[in-house]
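So the chains spell out like this:
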Amino acid sequence: MEKGFIQRRSESSYDLVLGGIANDKVFNTVELYLDHLIDEEEAIKRLRFEKPNLQYCFRTEKALSALHFDRSEEV
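As a starting point, this report considers the structure included with it. As the structure is a prediction and not an experimental result, all values here were calculated from the model. Residue positions are given per chain, counted from 1 along the sequence in the order it is written. Side-chain atom pairs in this predicted model are given and counted only at pLDDT of 80 or more, local residue features only at pLDDT of at least 70, and totals for whole chains, interfaces and linings cover all residues. Calculated side-chain values reflect all of the structure's heavy atoms, with hydrogen atoms and water omitted.

## Brief notes about the overall build of the chain
The secondary structure content of the chain amounts to three helices and two strands. Mapped from its N terminus to its C terminus, the chain presents α and β elements in the order β-α-α-β-α. Burial classes follow relative accessibility: with a 1.4 Å probe on protein chains only, a residue under 20% of its type's maximum area counts as buried, one over 50% as exposed, and anything between as partly exposed. Counting every position in the chain, which comprises 75 residues, the buried fraction comes to 7%. Just so you have it, the chain exposes about 7500 Å², and 53% of that area is on carbon and sulfur atoms. Secondary structure elements follow DSSP: runs of H or I of four or more residues count as helices, runs of E of two or more count as strands, with numbering from the N terminus. Calculation of accessible area relied on Shrake-Rupley with a 1.4 Å probe; when residues are assessed, cover is drawn exclusively from the protein chains displayed.

What follows is the structure, given as structure tokens:
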């Protein structure tokens, strides 16, 4: 592999994908930025204070088979 070359894998080759979920506040901030109603500095300032949410995407049977039921609680 030549120096500086990053080999990318196809998204479909992963069993499990973990990533952030954007909420309405994030979409609103991005829209304000794209509409040139706020600048990059203001957009970054607003996005920094958003509470991160993580999403797990089990893409294969192999990933799903790694899960096991631990317990349940009535709420």
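## Digging into the packing of helix α1 (residues 24-34) against helix α2 (residues 40-48)
Each pair of packed helices can be summarised by the angle the axes make with each other and by the distance between the axes. Lines fitted to C-alpha atoms define the axes, with helix axes restricted to the stretch in contact, and inter-axis angles between N-to-C directions lie between 0 and 180 degrees. Across the interface, α1 lies against α2 with an axial gap of 10 Å and an inter-helix angle of 175°. The angle between α1 and α2 falls in the class roughly antiparallel. Two secondary-structure elements touch here, α1 through V26, T29, L32 and Y33 and α2 through E40, A43, R46 and L47. Side-chain classes follow a simple rule in which Ala, Val, Leu, Ile, Met, Phe, Trp, Tyr, Cys and Pro form the nonpolar group, Asp, Glu, Lys and Arg form the charged group, and the remainder, Gly included, forms the polar group. Split into classes, the residues belonging to the contact of α1 with α2 amount to five nonpolar, one polar and two charged. Any angle from 65 to 115 degrees is called roughly perpendicular, while one under 35 is roughly parallel, one over 145 is roughly antiparallel, and all others are oblique. Residues are treated as being in contact if the distance between any of their heavy atoms lies within 4.5 Å.

## Examining the side chain of T29
Within the element layout of this structure, T29 appears in helix α1. For T29, a relative accessible area of 7% puts it in the buried group. With residues up to four places along the chain from it excluded, the contact list for T29 reads I38, A43, R46 and L47.

## Let's talk about the environment of K45
Mapped onto the elements of the fold, K45 is located in helix α2. Taking the relative accessible area as the measure of exposure, K45 reaches 47% and is therefore partly exposed. K45 sits 16 residues away from T29 along the chain, and the two C-alpha atoms are 10.0 Å apart.

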